[in-house]
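Residues per chain are reported as follows:
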Amino acid sequence: MAAIELQDLTVCYHRHPAVHHVSGRFDAGSLTALVGPNGAGKTTLLKTIAGLMRPESGRVERSISGGPLAYLPQQAEVDRTFPVRVMDMVELGFWRRLGVFGGVSARQRRQAADALAAVGLSGFEGRSIASLSAGQFQRVLFARVLLQDAALILLDEPFNAIDARTTADLLRVVSRWHGEGRTVIAVLHDLEQVKAHFPRTLLMARTAVDWGETAQVLRAGNLFRARQMAEAWDDSAAECTRESAA
Ligand SMILES: Nc1ncnc2c1ncn2[C@@H]1O[C@H](COP(=O)(O)OP(=O)(O)OP(=O)(O)O)[C@@H](O)[C@H]1O
């Protein structure tokens, strides 16, 4: 069963296509790496699946039984200058189930403490998020996703600037989500990591170069083709029109 189906999807910035004519499906419960050169449209595709950007043409179909989604943006996009404690940040994972005036129950507080323990941050509950290292903050964001109980989890470069130990710990959390039957899509740059931990891969170069089993997709020929396509990109290329996507 498809968790998400992309139908001839084209997404533009100021009418210049960043993603064009991508079709295919993410099966329910699949674990997929989204890879490709810089500027390949990976973040744009993830944001469009998350509903944060509108397609210029084509569609993103999410299965009705898909439930809520969790989206983890690149760290650079997250403002953590405001005074929030680690525990408050993690408990935001419950917001869908709290309502406007609802407080966190004792049971939810225990779940939040368990989530912090699962990412190796017991004892950090009262720390301000501004005081955390990049790796510690990423652990907090993963703990929050743990509480969101999302059927679809979208991660944008979750291990960027994160050390090997934290990456290994968080990869275990990703594997846990996969084991629980959630659909996970992660933008990644480390191809060895992708080969070791992600059964499926979508290789992007604005359009899909290949999409399927990781070992097949990451063949040298495909990677060469993606690089060549990246070299040919022209950011002042013709505007994207609905007609051309038909
Ligand atoms: N806000 C924006 N306004 C205009 N153009 C944008 C915007 N965001 C991205 N782009 C352009 O869209 C194209 C795809 O960008 P995107 O960030 O999706 O690529 P990416 O594959 O995630 O790249 P990276 O690996 O460098 O993170 C690039 O040419 C980029 O310059």
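Model, not experiment: these values are computed from the prediction.

Visitor: Can you explain the sheet that holds strand β1 (residues 2-13)? Please cite residues and give values.
Guide: The sheet built from 3 strands is open, its strands ordered β2-β1-β4 with antiparallel pairing. Edge positions in the sheet fall to β2 (16-27) and β4 (57-62), since each has one partner strand and no second. In this sheet, adjacent strand axes meet at a mean angle of 15 degrees when their direction is disregarded. Note: β1 against β4, 5 bridges, orientation antiparallel. Across the sheet, the residue bridging to T10 is S57, located in β4. Against the sheet, helix α1 (residues 42-49) engages β1, β2 and β4, with an angle of about 60 degrees to β2.

Visitor: Before we move on, could you go through the packing of helix α4 (residues 106-118) against helix α5 (residues 134-148) and cite the residues and values that matter?
Guide: Where α4 contacts α5, the two axes come as close as 9 Å, and the packing angle between them is 135 degrees. As the angle between them shows, α4 and α5 are arranged oblique. For the element pair α4 and α5, the recorded crossing hand is right-handed. Touching Q111, A112, A115, L116 and A118 of α4 are A143, L146 and L147, all from α5. Split into classes, the residues belonging to the contact of α4 with α5 amount to 7 nonpolar, 1 polar and no charged.

Visitor: An account of the site of the ligand is needed here, citing residue identities and associated values.
Guide: What surrounds the ligand is a group of 11 residues, the closest being Y13, A18, N38, T43 and T44. Considering every element that reaches the shell around the ligand, the biggest residue donor is α1, with 3 residues. Residues of the shell around the ligand, tallied by class, amount to 3 nonpolar, 6 polar and 2 charged.

Visitor: Give me the lowdown on the domain arrangement of the protein chain, citing residues and values where you can.
Guide: The assigned domain composition of the protein chain is domain 1 (1-65 + 183-237) and domain 2 (68-150). Placing a centre on the C-alpha atoms of domain 1 and another on those of domain 2 gives a separation of 28 Å.

Visitor: Which residues make up the nonpolar core, and what values do they have?
Guide: L34, V90, V140, A143, I153, L154 and M204 are the most contacted members of the largest nonpolar core, which totals 69 residues. Here the element with the most residues in this core is α5; it accounts for 8 residues. Two domains each provide a minimum of three residues to this core, namely domain 1 (1-65 + 183-237) and domain 2 (68-150). Not counting residues within four places of it along the chain, the set of residues in contact with V140 comprises V86, M89, V90, L121, I129 and L132.

Visitor: Give a description of the packing of α5 against helix α6 (residues 164-179) that names residues and reports values.
Guide: Put simply, α5 and α6 touch, their axes get as near as 11 Å, and they point 5 degrees apart. One element, α5, and the other, α6, form an angle in the roughly parallel class. Each of G135, Q138, R139 and F142 in α5 lies in contact with α6, whose residues at this interface are T166, L170 and V173. Considering only residue class, the contact of α5 with α6 consists of 3 nonpolar, 3 polar and 1 charged.

Visitor: Talk me through α5; I want residue IDs and the actual numbers.
Guide: In a regular helix each residue adds 1.5 Å, so 15 residues correspond to 21 Å; α5 covers 21 Å between its end C-alpha atoms and thus fits that length. Counting buried residues in α5 gives 11 out of 15 residues, a clear majority hidden from the surface. For α5, every residue scored as buried is listed here: F137, Q138, R139, V140, L141, F142, A143, R144, V145, L146 and L147. Each element contacted by the buried residues of α5 is listed here: β5 (69-72), α2 (86-91), α4, β6 (152-156) and α6. One or two positions beyond α5, positive phi appears at D149, with a value near 55 degrees.

Visitor: How would you explain the sheet that holds strand β9 (residues 207-213) if you had to name every residue and give the values?
Guide: Taken in spatial order, the 6 strands line up as β5-β6-β7-β3-β8-β9 in an open sheet, and their pairing is mixed. Two strands close off the open sheet at either side, each with one partner strand: β5 and β9. Averaged over all adjacent pairs, the angle separating strand axes in this sheet is 15 degrees, with direction ignored. The pairing of strand β8 (residues 200-205) with β9 spans 6 bridges and is antiparallel.

Visitor: Describe α4, and please don't skip the residues or the numbers.
Guide: Given a rise of 1.5 Å per residue, 13 residues ought to cover 18 Å, and the 18 Å separating the end C-alpha atoms of α4 matches this to within 8%. Listed in full, the buried residues belonging to α4 are A112, A115 and L116. Seen along its axis, α4 keeps its buried residues to an arc of 100 degrees; they face one direction. Away from its buried face, by an angle of more than 90 degrees, α4 presents the exposed residues A106, R107, R110 and A117. G120 occupies a position one or two residues after α4 and carries a positive phi of about 75 degrees.

Cut-off values and rules
- Residues numbered from 1 in each chain as written.
- Predicted model: local features only at pLDDT ≥ 70, side-chain atom pairs only at ≥ 80, totals over all residues.
- Pairing = 2+ DSSP bridges.
- Helix = DSSP H or I, 4+ residues; strand = E, 2+ residues; numbered from the N terminus.
- Axes fitted to C-alpha atoms, helices over the stretch in contact; angles between N-to-C directions.
- Contact = placed C-beta atoms within 7 Å.
- Parallel < 35°, antiparallel > 145°, perpendicular 65-115°, else oblique.
- Left-handed = near helix turned anticlockwise from the far one by under 90°.
- Nonpolar A, V, L, I, M, F, W, Y, C, P; charged D, E, K, R; others polar.
- Near = placed C-beta within 6 Å.
- Domains from an automatic or database assignment.
- Core = buried A, V, L, I, M, F, W, Y, C linked by C-beta atoms within 7 Å.
- Buried ≥ 20, exposed ≤ 12 C-beta atoms within 10 Å, placed from the backbone.
- Expected span 1.5 Å × (residues − 1).
- Arc of directions from axis to C-beta.

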